[in-house]
Amino acid sequence: MIGSLVLGCSTLVGRLCGQTVSLPRLELALQAWVETLLPSDEGSLGAGRLNVHLDVIELASENKQYQQLLEIGIRWADTEARKLGVEGFAELSPEQAEGLVSLAESMGLQSMPGLFFYHTLKDAKRVYYARKGSWGGVGFPHAPQPLGYMDYTEAPK
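In this text the structure is predicted, and so the values were computed from the model without any measurement. (Residues numbered from 1 in each chain as written. Predicted model: local features only at pLDDT ≥ 70, side-chain atom pairs only at ≥ 80, totals over all residues. Heavy atoms only, no water.)

**Student:** Help me get a handle on unusual backbone geometry, residues and values and all.
**Tutor:** Of note in this structure, N51 is not a glycine but carries a positive phi near 60°. Mapped onto the elements, N51 comes out in the loop between α2 (23–37) and α3 (52–60). A residue is classified by how much of its surface remains accessible, and N51, at 34% relative accessible area, is partly exposed. (Helix = DSSP H or I, 4+ residues; strand = E, 2+ residues; numbered from the N terminus. Buried < 20%, exposed > 50% of the residue type's maximum accessible area, 1.4 Å probe, protein only.)

**Student:** Quick one: what's the story with the packing of aromatic side chains, residue by residue and with numbers?
**Tutor:** Going through the model one piece at a time under the given rule, you end up with three aromatic pairs. Relative to F89, the ring of W33 lies with its centre 5.2 Å away and its plane at 50°, an arrangement referred to as tilted. Pair noted here: W33 is in helix α2 and F89 is in the loop between α4 (64–83) and α5 (94–106), with a separation of 56 residues, a long-range link. A connected cluster of aromatic rings, assembled from ring pairs, spans W33, F89 and F116. (Phe/Tyr/Trp six-rings, centres within 6.5 Å; stacked < 30°, edge-to-face > 60°.)

**Student:** Kindly report on the pattern of salt bridges, identifying the contributing residues and their values.
**Tutor:** This model, assessed by the stated rule, comprises seven salt bridges. Between D78 and R25 there is a salt bridge, and its shortest N-O distance comes to 3.2 Å. Taken together, the positions of D78 in helix α4 and R25 in helix α2 put the pair 53 residues apart, joining distant regions of the chain. Overall, D78 belongs to the buried group, its relative accessible area being 6%. With its nearest N and O atoms 3.6 Å apart, the salt bridge here joins D123 to R126. Taken together, the residues D123 and R126, both in helix α6 (residues 112–128) and three residues apart, mark about one turn of the helix. Look at D123 and you get buried, because its relative accessible area is 6%. (Salt bridge = Lys/Arg side-chain N within 4 Å of Asp/Glu carboxyl O.)

**Student:** Kindly report on the packing of α5 against α6, identifying the contributing residues and their values.
**Tutor:** Two quantities define a packed helix pair, namely the angle between the axes and the distance from one axis to the other. Between α5 and α6, the shortest axis-to-axis distance is 7 Å and the interhelical angle comes to 105°. Our classification of the angle between α5 and α6 gives roughly perpendicular. Residues V101, A104 and E105 of α5 form the contact with α6, whose own contacting residues are P113, G114 and F117. (Axes fitted to C-alpha atoms, helices over the stretch in contact; angles between N-to-C directions. Parallel < 35°, antiparallel > 145°, perpendicular 65-115°, else oblique. Contact = heavy atoms within 4.5 Å.)

Quick look at the structure:
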């Protein structure tokens with residue numbers, strides 16, 4: 001599914017934004033993207049601050065189609081950000097970034113931005129919740145899984 005959509009979108013997006021995204025640009029924009037997906041709060045660091053984007057890039061390095069999806073997704077996000085008057089996605093305000101992420105989500109899995117949203121969220125969550133820096137917001141002294149909520153049979157406190 002990723003492959004056919006990526007190949008179908010790559011020509012159009014490539015013409016709009018250029019053929020490649022430099023690794024530093026990809027890292028910067030993807031860091032902002034995952035921080036928007038899983039933001040910092042008073043109890044835990046966000047995915048961007050925990051460098052989850054580097055693991056997502058590493059996962060993509062094992063799958064050429066996923067690499068292409070990341071590049072096309074970042075080019076799309078940067079293009080949309082330029083319409084808002086900034087150089088790229090990483091320069092957006094948190095509110096503007098949330099708006100673009102919501103737009104990508106609303107487009108659904110039949111669109112490249114929707115597919116980009118889905119895969120980056122899925123992989124960012126998997127990496128993020130394995131990191132100790134995320135556990136404070138969950139309220140556990142350990143990873144949320146596999147132990148989970150050990151008191152699930154008790155009434156909420």
